[in-house]
2 protein chains.
Amino acid sequence: MEIKILNGRTLAAEPGKSVYQALRDNGVYLVASCGGKGVCGKCRVKILEGKYRTESATKLKKKEIGDKVVLACTTFPEEDIHIEIPEDSKLVIGDKIAVSKSKGFLDFLRSEEPTLTPPVRKIMLSLLPPSIEDNLSDVERVKRSLSEHDIEEMRFSHGFVQSLAKALRQHNWTAYLTYTENFEAISIVSPERVKHYGLAVDIGTTTVVVYLVDCTDGTLLDTGVTYNSQMRHGDDVITRIVHATEGGALQELRNAVVDDINGLLNAMMERNHISRDDIDSAVISGNTTMVQLFWGLDPSSIREEPYIPTVNSYPAWRAGTAKLLINHQAPVYTIPCVGSYVGGDITAGLLASKMHRNPEIALFMDIGTNGEIVVGNNEWLITAATSAGPCFEGSGIRHGMRATEGAIESVKINPTTFDVELGVIGNVEPAGICGSGMIDALSEFFFAGIIDQKGKFSRDLNSDRIRIEEEGPEFVLHHGETKDIVLTEVDIENLLRAKAAIYAGMSVLLKEVGLSLDIVERIYIAGGFGNYLNVEKAIMIGMLPDMPKEKFSFIGNTSIAGAYLCLLSEKMRREAEDIAKKMTYIELSVSHGFMDEYMSALFLPHTNIDLFPSVRERYNKEE
Amino acid sequence: MEIKILNGRTLAAEPGKSVYQALRDNGVYLVASCGGKGVCGKCRVKILEGKYRTESATKLKKKEIGDKVVLACTTFPEEDIHIEIPEDSKLVIGDKIAVSKSKGFLDFLRSEEPTLTPPVRKIMLSLLPPSIEDNLSDVERVKRSLSEHDIEEMRFSHGFVQSLAKALRQHNWTAYLTYTENFEAISIVSPERVKHYGLAVDIGTTTVVVYLVDCTDGTLLDTGVTYNSQMRHGDDVITRIVHATEGGALQELRNAVVDDINGLLNAMMERNHISRDDIDSAVISGNTTMVQLFWGLDPSSIREEPYIPTVNSYPAWRAGTAKLLINHQAPVYTIPCVGSYVGGDITAGLLASKMHRNPEIALFMDIGTNGEIVVGNNEWLITAATSAGPCFEGSGIRHGMRATEGAIESVKINPTTFDVELGVIGNVEPAGICGSGMIDALSEFFFAGIIDQKGKFSRDLNSDRIRIEEEGPEFVLHHGETKDIVLTEVDIENLLRAKAAIYAGMSVLLKEVGLSLDIVERIYIAGGFGNYLNVEKAIMIGMLPDMPKEKFSFIGNTSIAGAYLCLLSEKMRREAEDIAKKMTYIELSVSHGFMDEYMSALFLPHTNIDLFPSVRERYNKEE
């Protein structure tokens, strides 16, 4: 059977496979937060022609069903069909995402240590050529020379020894030996090749960022960014763990992200005329699940109580083992994780924030899918994941999307007329709403009296922007020609859950150490989301604590920044290990205190308004 | 085209390929000392029918050429042919070879150390199952437990970590951890599996011997022996190096010997009901070339002046790397080599002889292809290879063969009648002559006046046993129905070269340290050949020094014995390393002194008869 796509290709479809699977098999990816299980309702396609069977209509409206809109994941062709894929349903991979700059970090490293200390070192060997009288083997000849440099502990892998005889003779017994900081030999390199390179990699649940770095002077040569292709199998880590274990797709997920990295790498090598073998180290930063999937480690126990990762402090395995297409023997350093839901990306984040070095008590938060929070200073650190969920990144919200072109990023509502003023990324026709827009909207709804403290729409407002649909009431942010952009009451429930989780996480974490929020002198907000967040509005809805704006620092993608630091400095790698060891990891999902805090934080801004004096003040003013 | 074998299969033959190659491609192997280069004249087949082209008739007699006997390696079918393969030309693989017993060595180990110390250790881990409060990762949990046993330095490979989560849960957090003596984790093993096993392997140029050993009590459970399949590509190490490098067949040679070992292993595992994963260590002993080929290391520099191996002291790489089909993570220890032509088999031999522990000056010799010799005691050791060549193993001798059924192993000749009395292995119709038979014959020829001091046949003897053929004179040891067994003057030249090389090697080695042969208090003779050697006759021809018979010890296959010792004892592994480091390796092929000694030793027994008083005495008596 065949599937013909409007304005697109015609693809073969195996009988028994869903439209979603058939498209995927042919490289056409649809948005599917639930991983293609008929739950999230995002993989909508419209059937233009042909017989089909469909099993689920979750989240489809009557009109859509009438228009033959179906969920691709539970729809099965019964003959050749012709379909249309709405723009919303297409998963876009490869667009550019802002990354933080390296210059400041390089200056910082230079202030810390006289020379850069990447995971791989070089030593020039000037060997005496062998003779009948001096007939040491090649390996023993190298060892003798190293011994003269007081290096006695070098280890030689099979791969290294296999290439040694030829390499030494080719370079006439004078060449660089590259080796890891743990004294494992990597390769013999021509004395003319003075430069060597490294990769810093941030494997996010959503995006993958790769830095190509000159390890001799620390220059960031090139940056590559792409969406994590594992998204085909769901937006959040839990869906992917299920896919890896119950779906038996561990290798598939592993290969997906490794291919993403290698793809970016290939383009960068070509652009910068750098050969594979000269990239002799890599540092990987990511959350615990992402890192286990990268290394092909079964992540099932992360998801099952008591939520145990296989390893937090990773040995430096080889690039060949990782399947990274750089020097086969290159060590791949993994930034240490802390627990099942606080990973190396948070360790890297703390390292980049430097809060672990200062006496002031600070709070670090990464408002992404896991909503990790750390509190502490140079003496102690405590951390938890709030499972905020991916709704600020667009998932679980009817018209949610990431902060890319067409996303509503700011919302103003006239409290009298309910007229709406929107800020849209790229100043184009709005296609959806991103995290900062959602926070704005929530805050504006609340102060305009459109929703109450529980997030429920007021039933007695007279505006054509508020309408009751099958699933409940919704607010029309934008009347579009082809579609309206709305926030539904269900969306608002999800947003309240996310913001409550974040606030409750902070409170509980502080209570664990017997402190309250007012002891916190600085709040670091990390993650792509942080770049767009309106702090005041986030305080208004009770997501961030009510503190002066100047106490908040937006520090961008600190996961890649920390990876970059670790790539260039042994001191930073040791600090990262110290940070990970020092962090006390609390499992909030089983904490009784958390549930209480969470229930209180489900209100706008909170059941205890005294916690938010500036909100109370404005609320009283506007009443 | 097709080749039909008399009483055998019909095989496909690609045009342009020789009969030898076509047979080999179909798994039919012929004897070919030269590796199929038209030189050794051993791969004879008889063409019964069909057109063919032949390029070389080296060593073929006129009558044979008339009978359409050809060398398979230089004969090319031009249409379907029908051939007969004489028994002599067939390479027999798989017959049993005597191996030395393990009992004595086990008693020795027990007297040395209270417990056995194989390269892999076991520790019982009783881990606290993880909980929300005690949420260490699996690896860190194992580390904590090891730390309680004062083990801090364990390293974890990717393969180990990949299987860890499942294994710990499967065994309910109580299991053995197996690890190498260098603290590299191997596997998690059920607490019920108390036994673990190891392999000792001797890779000889000719034969491969494998011991399956119970590492908990040292019992030798089973023994496997086969010919080294690399023999298809030539009898000696030089031919194989050429094949590996110029022929680009390094991987082919590597796979050949690895397959030999795995084949023996499979049969042994089945017979003893032992599973692959429970065999968690291996020790490899072999000459330098055999070991480099086993590990897939390009051996070319071994053959080129100044004759340098890639590595002498091998790291313990993993079974997965070696392609040995035992536990993938098992360490494979390689007994250290000394130089290009003195390998780990000699280190193992010394270890088994224990001469490195005693103050008496001893001489160790392995009369095989390389003819390695060691002189020394507990203070010093000096060694060289004499390149004696493989003629005592049958190669380069018209009717030479190994010491298997049908081989003439002893010869007596009546000096008056020239009647011959033969001892034949298996008491069957003789098929050829093996090393001990050759030494006997040479000695008897000399004392009966059949040959002179230079090994030339006396032209004035009247006996139908001495006849002049195309290639020169020869002595008929056996008049057979289908063929006669002879020793030719060319054979005798080869034997003289071999015995001269051995004797000259000993002399030069002793001179290097300013000593003479009479200081030697013991001579150890190792190797399969040693089992059958008649010392007195070997002295008569001037191959062994003229010393009382009781000073000679035949110690059998010490290469496998040394491997067995190293498999069970860390102390023995350290001793093997000390031995290898202590040995001073002399390259005889470039020594001027060696050529002088060699020329003198080409006589029977020697130009200086004073070196052989017992020979002089008998000679004078019989004159």
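Residues numbered from 1 in each chain as written. Chains lettered and ligands numbered in written order. Predicted model: local features only at pLDDT ≥ 70, side-chain atom pairs only at ≥ 80, totals over all residues.

Scanning chain A from N- to C-terminus turns up 18 helices and 28 strands. For a compact globule of 623 residues, the expected C-alpha radius of gyration is about 25 Å, and chain A comes in at 27 Å, within 12% of that figure. In terms of principal-axis extent, the alpha carbons of chain A reach across some 100 × 65 × 45 Å. Looking at the 623 residues of chain A, the share that counts as buried comes to 52%. Counting only contacts in chain A whose residues sit at least 6 apart along the sequence, the fraction spanning at least 24 positions is 68%. (Helix = DSSP H or I, 4+ residues; strand = E, 2+ residues; numbered from the N terminus. Rg over C-alpha atoms; globule rule 2.2 N^0.38 Å. Buried ≥ 20, exposed ≤ 12 C-beta atoms within 10 Å, placed from the backbone. Contact = placed C-beta atoms within 7 Å.)

All right, on to the domain arrangement of chain A then. Its domain assignment divides chain A into domain 1 (2-89), domain 2 (119-189), domain 3 (197-344), domain 4 (352-390 + 495-622) and domain 5 (403-481). Measuring from the centre of the C-alpha atoms in domain 1 of chain A to the corresponding centre in domain 5 of chain A gives 30 Å. (Domains from an automatic or database assignment.)

Moving on to the interface of chain B and chain A. Tallying the contact residues gives 36 residues for chain B and 36 residues for chain A. Counting residues per element, the side of chain B that touches chain A draws most heavily on helix H5 (residues 158-170) of chain B, at six residues. Class assignment of the residues belonging to the side of chain B that touches chain A gives a composition of 18 nonpolar, twelve polar and six charged. (Nonpolar A, V, L, I, M, F, W, Y, C, P; charged D, E, K, R; others polar.)

With that settled, the discussion passes to the pairing of strand S13 (residues 220-227) of chain B. Bridge count between strand S12 (residues 207-214) of chain B and S13 of chain B: seven bridges; the pairing is antiparallel. When the sheet's bridge partners are listed, Val 213 of chain B is paired in S13 of chain B with Leu 220 of chain B. (Pairing = 2+ DSSP bridges.)

Bringing the sheet that holds S13 of chain B into the picture now. With mixed pairing, the six strands of this open sheet are ordered in space as S13-S12-S11-S14-S16-S15 (chain B). Every other strand in the sheet has two partners, leaving S13 and strand S15 (317-318) of chain B as the edge strands with one partner each.

Another point: the sheet that holds strand S24 (residues 472-478) of chain A. Residue and element names in this part refer to chain A. A sheet is described by the order of its strands in space; here three strands give the open sequence S23-S24-S25, paired in antiparallel fashion. The open sheet terminates on both sides in strands that have one partner only, identified here as strand S23 (466-469) and strand S25 (485-488). The mean inter-strand angle of the sheet, taken between neighbouring strand axes irrespective of direction, is 40 degrees. Two strands pair when backbone bridges link them, and S24 and S25 are joined in this way by four bridges, in the antiparallel orientation. (Axes fitted to C-alpha atoms, helices over the stretch in contact; angles between N-to-C directions.)

All names here are of chain A. In this fold, Ala 500 is placed in helix H13 (residues 489-512). Here Ala 500 falls in the buried class, since 24 other C-beta atoms lie within 10 Å of it. C-alpha of Ala 500 to C-alpha of Glu 597: the two residues are 97 residues apart in sequence and 8.2 Å apart in space. If sequence neighbours within four positions are ignored, Ala 500 has contacts with Tyr 598, Ala 601 and Leu 602.

Two numbers describe a pair of packed helices, the interaxial angle and the distance between the axes. All names here are of chain B. Contact geometry of helix H11 (residues 344-353) with helix H16 (residues 570-582) gives a least axis separation of 9 Å together with a crossing angle of 120 degrees. Between H11 and H16 lies a crossing of right-handed hand. Here H11 contributes Thr 347, Ala 348, Leu 350 and Leu 351 to the contact with H16, which in turn contributes Met 572, Glu 575, Ala 576, Ile 579 and Ala 580. Of the residues contributing to the contact of H11 with H16, the split by class is seven nonpolar, one polar and one charged. (Left-handed = near helix turned anticlockwise from the far one by under 90°.)

Residues and elements named next belong to chain A. For the pair helix H15 (residues 558-568) and helix H16 (residues 570-582), the least separation of the axes is 5 Å and the interaxial angle reads 125 degrees. In terms of their interaxial angle, H15 and H16 are classed as oblique. Classified by chirality, the crossing of H16 by H15 is left-handed. Between H15, through Gly 562, Leu 565 and Cys 566, and H16, the contact on the second element is made entirely by Met 572, Arg 573 and Ala 576. Partitioning the contact of H15 with H16 into residue classes produces four nonpolar, one polar and one charged. (Parallel < 35°, antiparallel > 145°, perpendicular 65-115°, else oblique.)

Residue and element names in this part refer to chain A. As for its placement among the helices and strands, Leu 127 is situated in the loop between strand S8 (120-126) and helix H4 (138-148). For the pair Leu 127 and Ala 185, spaced 58 residues apart in sequence, the C-alpha separation works out to 16 Å. Those residues within four positions of Leu 127 in sequence are excluded, and the remaining contacts are Arg 141, Ser 145, Leu 168 and Trp 173.

In screw terms, the move from chain B to chain A is a rotation of 180 degrees and a rise of 0.1 Å along the axis, fitting with an RMSD of 0.1 Å. The transformation just described matches what one would write down for a two-fold rotation axis. A shared interface surface links the copies, since 100% of the contact residues of chain B are contact residues in chain A too. (Least-squares fit on C-alpha atoms with pLDDT ≥ 70 in both.)

Attention now goes to the environment of Leu 487 of chain A. All names here are of chain A. By the secondary structure assignment, Leu 487 is in strand S25. For Leu 487, a count of 27 C-beta atoms within 10 Å corresponds to the buried category. Between the alpha carbons of Leu 487 and Met 438 there is a distance of 8.3 Å; along the sequence they are 49 residues apart. The contacts of Leu 487, once residues within four sequence positions are left out, are Ile 433, Ala 441, Glu 474, Phe 475, Leu 477 and Ile 492.

Residue and element names in this part refer to chain B. With an omega dihedral of 5 degrees, the bond running from Glu 305 to Pro 306 counts as a cis peptide bond. Mapped onto the elements, Pro 306 comes out in the loop between helix H9 (300-303) and S15. Leu 604 connects to Pro 605 through a cis peptide bond whose omega is -10 degrees. Mapped onto the fold, Pro 605 is located in the loop between helix H17 (592-601) and helix H18 (613-622). Positioned with a positive phi, Lys 68 is a non-glycine residue whose angle comes to about 60 degrees. Topologically, Lys 68 is positioned in the loop between helix H2 (62-66) and strand S5 (69-71).

Before going further, it helps to spend a moment on helix H5 (residues 158-170) of chain A. Residue and element names in this part refer to chain A. Its 13 residues give H5 an end-to-end C-alpha distance of 19 Å, which sits within 8% of 18 Å, the value for a rise of 1.5 Å per residue. The largest bend in H5 is about 45 degrees, located at Leu 164. Listed as buried for H5 are Phe 160, Val 161, Leu 164, Ala 165 and Leu 168. (Expected span 1.5 Å × (residues − 1). Bend = angle between axes of the 7 residues up to and from the residue.)

Residues and elements named next belong to chain A. Averaged over every residue, the pLDDT of chain A is 90; residues scoring 70 or more account for 96%. Here residues 93-100 scores under 50 on pLDDT; set against residues more than four positions off or in separate chains, the count is 19 contacts. The ipTM assigned to the predicted complex is 0.84, against a pTM of 0.83. (pLDDT = per-residue confidence, 0-100.)

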